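Examining the three-dimensional arrangement
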Amino acid sequence: MSVNIDWDQLGFAYMELPYRWRAYWKDGEWYKEGLEEGKKFLISEGSTSLHYGQEAFEGLKAYRTKTGQIQLFRVDQNAQRLVNSAKRLLMPEYPVEKFIEAVKKTVQANADYVPPYGSGASLYIRPLLIGVGDNIGVSPAPEYIFTVFCMPVGPYYRNGLAPMPFVTSKYDRAAPFGTGASKVGGNYGGSLLPGQHAHAEGYGDVVYLDPATHTKVEEIGSANFYGIEKETNKFITPKSPSILPSITKYSLLYLAKERLGLEVEEGDVYVDELDRFAEAGAMGTAAVISPISRIDHGDKTFYFYSETEVGPITQCLYNELVGIQYGDIEAPEGWIFPVE
Ligand code: PLP
Ligand code: COI
């Protein structure tokens, strides 16, 4: 079957595909695991995911290679991060091997919707773990649902690889010892208001500062931050216990060092010293690598490589990462999972 989609025109938007994985948990066990049709399900009004944010999610992509194969990028890392998020919110773990299988089965079942090689689009996959069942006190849910659904997507930021301006926020997305390092809904609910303000003013996204002192860059609303230091060309990205441990970030730290021969550092990025960077960008599954043209911070503005052109190191990092994801460049061992 072929589907009628204008792959080049896709943005980052929901689309209902025929199949999704679902698994149900009760009394210590996962049961009724398999593919289901239909985007809707019924849950109790007492579900902890609705009241108390007892839920966690993931985001990863499937790519179609030049030969037509479908492959996943580092799905084992997403599986492990969901286990970590589940532990933080006292939810049962969906085991890593089961997670990988669930993602593969979901992608296989919706294979017609994996965009063709060369379209620049990919299949975005959203695993989700939620507390459900009857509950009213602030305590863990008696039941859980794990689901994996997916849809074809294009660029997350409307400009794709064209640089965009970003702005710092007076709001925090996470507390110093809160849930910033877990991929849980609560971190995102609080980011909607600052995100809306930033978008209304024409910015690509918000730059969050460290919640304790507001002097250091933490991360972007939907991605991690990196800068390329002037003169040294060092790839620098913030280190903090309250940011999401981004799989793209760890991949780029490796690729920058091992493939591009750059020095790399996870360290403090003081917002007042942003002019130490020649290039800056946002990196993540949805964001891929999105160059930042400038960051507005109060009455200061920090300009990076160009308002319109992609910086040379950003371009090299992008080519290496995306080349690996679409199967054009050999991947480090264990990074690619074929979907048979
Ligand atoms: N930071 C935040 C807040 C995110 O939402 C994301 C997206 O998942 C990332 C960073 C990037 O993480 P990853 O590279 O694992 O997609
Ligand atoms: C991702 O990059 O997968 C994300 O989760 C970012 C955003 C869509 C929440």
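Residues numbered from 1 in each chain as written. Chains lettered and ligands numbered in written order. Predicted model: local features only at pLDDT ≥ 70, side-chain atom pairs only at ≥ 80, totals over all residues. Heavy atoms only, no water.

Operational definition: UniProt positions are given in the numbering used here, feature names are shortened, and annotations may be inferred rather than shown by experiment.
An unreviewed UniProt entry lists the protein under the name Branched-chain-amino-acid aminotransferase, from Aerococcus christensenii. The record held by UniProt for the protein lists under Cofactor (unreviewed entry) the comment "pyridoxal 5'-phosphate". Here is the UniProt Sequence similarities (unreviewed entry) comment for the protein, exactly as written: "Belongs to the class-IV pyridoxal-phosphate-dependent aminotransferase family."

1. Here we look at the overall build of the protein
Going by this rule: A run of H or I in DSSP becomes a helix once it reaches four residues, and a run of E becomes a strand once it reaches two; helices and strands are each numbered from the N terminus. Our radius of gyration looks at C-alpha atoms and nothing else; its globule reference is 2.2 Å times the residue count to the power 0.38. When accessible area is computed with a 1.4 Å probe and restricted to protein chains, residues below 20% of their type maximum are described as buried, those above 50% as exposed, and intermediate ones as partly exposed. Residue contacts are counted whenever heavy atoms from the two residues lie within 4.5 Å of one another. Exposure was quantified through the Shrake-Rupley algorithm and a 1.4 Å probe, taking into account, for residues, occlusion by the shown protein chains and nothing else. By the counting scheme adopted, Arg and Lys are positive, Glu and Asp are negative, and His together with the chain ends is not counted. Charge placement uses NZ in Lys and CZ in Arg. For Asp and Glu, CG and CD serve respectively.
Check the secondary structure of the protein and you find seven helices and 17 strands. Over its C-alpha trace the protein gives a radius of gyration of 20 Å, about what one expects of a compact globule, namely 20 Å for 340 residues. Classification of the 340 residues of the protein by burial places 54% in the buried group. Counting only contacts in the protein whose residues sit at least 6 apart along the sequence, the fraction spanning at least 24 positions is 71%. When the accessible surface of the protein is summed, it comes to about 15300 Å², and 50% of that surface belongs to carbon and sulfur atoms. Counting 31 positive and 44 negative side-chain charges, the protein places the averaged centre of each group 2 Å from the other.

2. Side note on the site of ligand 1
Put simply, the rule reads: The criterion for a residue being near a molecule or strand is simple. One of its heavy atoms has to lie within 4 Å of it. The term polar contact refers here to a pair of N or O atoms within 3.5 Å; inside protein, the definition further demands a hydrogen-donor-capable atom paired with an acceptor-capable atom, and it admits residues adjacent in sequence only when both atoms are side-chain atoms. The method works on a 1 Å grid over the protein atoms by themselves. A cavity is a set of points holding a 1.4 Å probe that cannot get out, a pocket is an open set with protein on both sides within 12 Å along at least five of seven lines, and residues with an atom within 4 Å of a point line them. Throughout, a molecule is located in a cavity or pocket provided that more than half of its atoms lie within 2 Å of its grid points. Following the grouping adopted for this structure description, the nonpolar residues are Ala, Val, Leu, Ile, Met, Phe, Trp, Tyr, Cys and Pro, the charged ones are Asp, Glu, Lys and Arg, and the polar ones are all others, Gly among them.
Taken together, 17 residues lie near ligand 1, and Tyr 188, Glu 219, Ser 246, Thr 248 and Thr 285 sit nearest. Within the side chain of Lys 183, a nitrogen or oxygen atom sits 2.8 Å from an oxygen atom of ligand 1. Within the backbone of Ile 247, a nitrogen or oxygen atom sits 2.8 Å from an oxygen atom of ligand 1. Relative to its free-state accessible area of 380 Å², ligand 1 is covered by the protein chains to the extent of 96%. Judged by its atoms lying within 2 Å of the grid points, ligand 1 is housed in the largest pocket. When residues of the shell around ligand 1 are traced back to their parent elements, those giving at least two are β10 (217-220), α6 (247-258) and β14 (277-284). Tallied by class, the residues present in the shell around ligand 1 amount to six nonpolar, seven polar and four charged.

3. Concerning the pairing of strand β16 (residues 300-303)
Heads up, the condition is: Note: two strands are recorded as paired if DSSP finds a minimum of 2 bridges between them.
When strand β15 (residues 288-297) meets β16, the two strands line up antiparallel, connected through four bridges. Each bridged residue has a counterpart across the sheet, and for His 297 the counterpart in β16 is Lys 300. Counted between consecutive antiparallel strands, the loop separating β15 from β16 contains two residues, among which Gly 298 sits at a positive phi close to 60 degrees.

4. With respect to the nonpolar core
Soluble globular proteins tend to pack their nonpolar side chains together in the buried interior. Using the following cut-off: Side-chain atoms within 4.5 Å are what join buried Ala, Val, Leu, Ile, Met, Phe, Trp, Tyr and Cys residues into a set we call a nonpolar core.
Leu 72, Val 103, Val 107, Leu 123, Ile 125 and Phe 146 are the most contacted members of the largest nonpolar core, which totals 40 residues. Breaking this core down by element, the ones donating at least two residues are β1 (19-26), β4 (60-64), β5 (70-73), α2 (75-88), α3 (96-109), β6 (122-132), β7 (143-153) and β17 (336-339). At five residues, the largest contribution of residues to this core is made by α3. Excluding anything up to four places from it in sequence, Ile 125 contacts Glu 58, Gly 59, Leu 60, Lys 61, Ala 62, Leu 72, Val 103, Val 107, Val 148, Phe 149 and Cys 150. Within the second largest apolar cluster, 21 residues are counted, among which are Tyr 157, Phe 166, Val 269 and Leu 274.

5. Remarks on empty space enclosed by the protein
Stated formally: Grid points are joined across faces, edges and corners, and a volume is the space filled by probe spheres set on the points. These domain limits were set by an automatic method or by a database of domain assignments.
By the definition in use, this model includes two cavities of 30 Å³ or more. Its boundaries defined by the atoms lining it, the largest cavity holds a volume of some 70 Å³. Looking at the largest cavity, the residues that line it are Leu 60, Lys 61, Tyr 63, Phe 73, Asn 78, Ile 247, Thr 248, Thr 285 and Gln 325. Looking at the lining of the largest cavity, the elements that each hand over two or more residues are β4 and α6. Looking at the lining of the largest cavity, the element that brings in the most residues is β4, giving three residues. Formed jointly, the lining of the largest cavity draws a minimum of three residues from each of two domains, domain 1 (20-153) and domain 2 (164-326). Volume-wise, the second largest cavity comes out at about 40 Å³. Forming the boundary of the second largest cavity are Pro 163, Glu 279, Ala 280, Pro 291, Ile 292, Tyr 305, Ser 306, Glu 309, Val 310, Gly 311 and Thr 314. Only β14 and β15 provide two or more residues apiece to the lining of the second largest cavity.

6. Let's talk about the site of ligand 2
Taken together, the residues surrounding ligand 2 are Phe 12, Phe 57, Gly 59, Tyr 124, Arg 126, Tyr 156, Lys 183, Tyr 188, Ser 222, Thr 285 and Ala 286. Within the backbone of Ala 286, a nitrogen or oxygen atom sits 2.8 Å from an oxygen atom of ligand 2. Here ligand 2 has 280 Å² of accessible area as a free molecule, and 90% of this is covered by the chains. A molecule is said to occupy a pocket when more than half its atoms come within 2 Å of that pocket's grid points, and by this definition ligand 2 occupies the largest pocket. Taken together, the residues that form the shell around ligand 2 break down as six nonpolar, three polar and two charged.

7. Quick word on a nonpolar patch on the surface
The condition that has to hold: Residues enter patches when their relative accessible area tops 30% and they take part in no salt bridge; the joining distance is 9 Å for like charges and 5 Å for the nonpolar side chains Val, Leu, Ile, Met, Phe, Trp and Tyr. Any carboxyl oxygen of Asp or Glu within 4 Å of a side-chain nitrogen of Lys or Arg constitutes a salt bridge here.
A contiguous nonpolar patch, built from Phe 41, Ile 43 and Leu 50 and spanning about 250 Å² of accessible area, is present on the exposed surface. Note on placement: Leu 50 falls in helix α1 (residues 48-51).

8. Structural notes on the pairing of β4
Burial within β4 is extensive, with five of its five residues counted as buried. Burial along β4 is two-sided: the face carrying Leu 60, Ala 62 and Arg 64 and the face carrying Lys 61 and Tyr 63 are both buried. Bridge count between β4 and β6: three bridges; the pairing is antiparallel. The residue bridging Lys 61 from the neighbouring strand is Tyr 124, located in β6. Pairing analysis gives three bridges linking β4 to β5, with the strands arranged antiparallel. Bridge pairing links Ala 62 to Leu 72 in β5. Linking β4 to β5, which pair antiparallel, is a turn of five residues; within it Gly 68 sits at a positive phi near 95 degrees.

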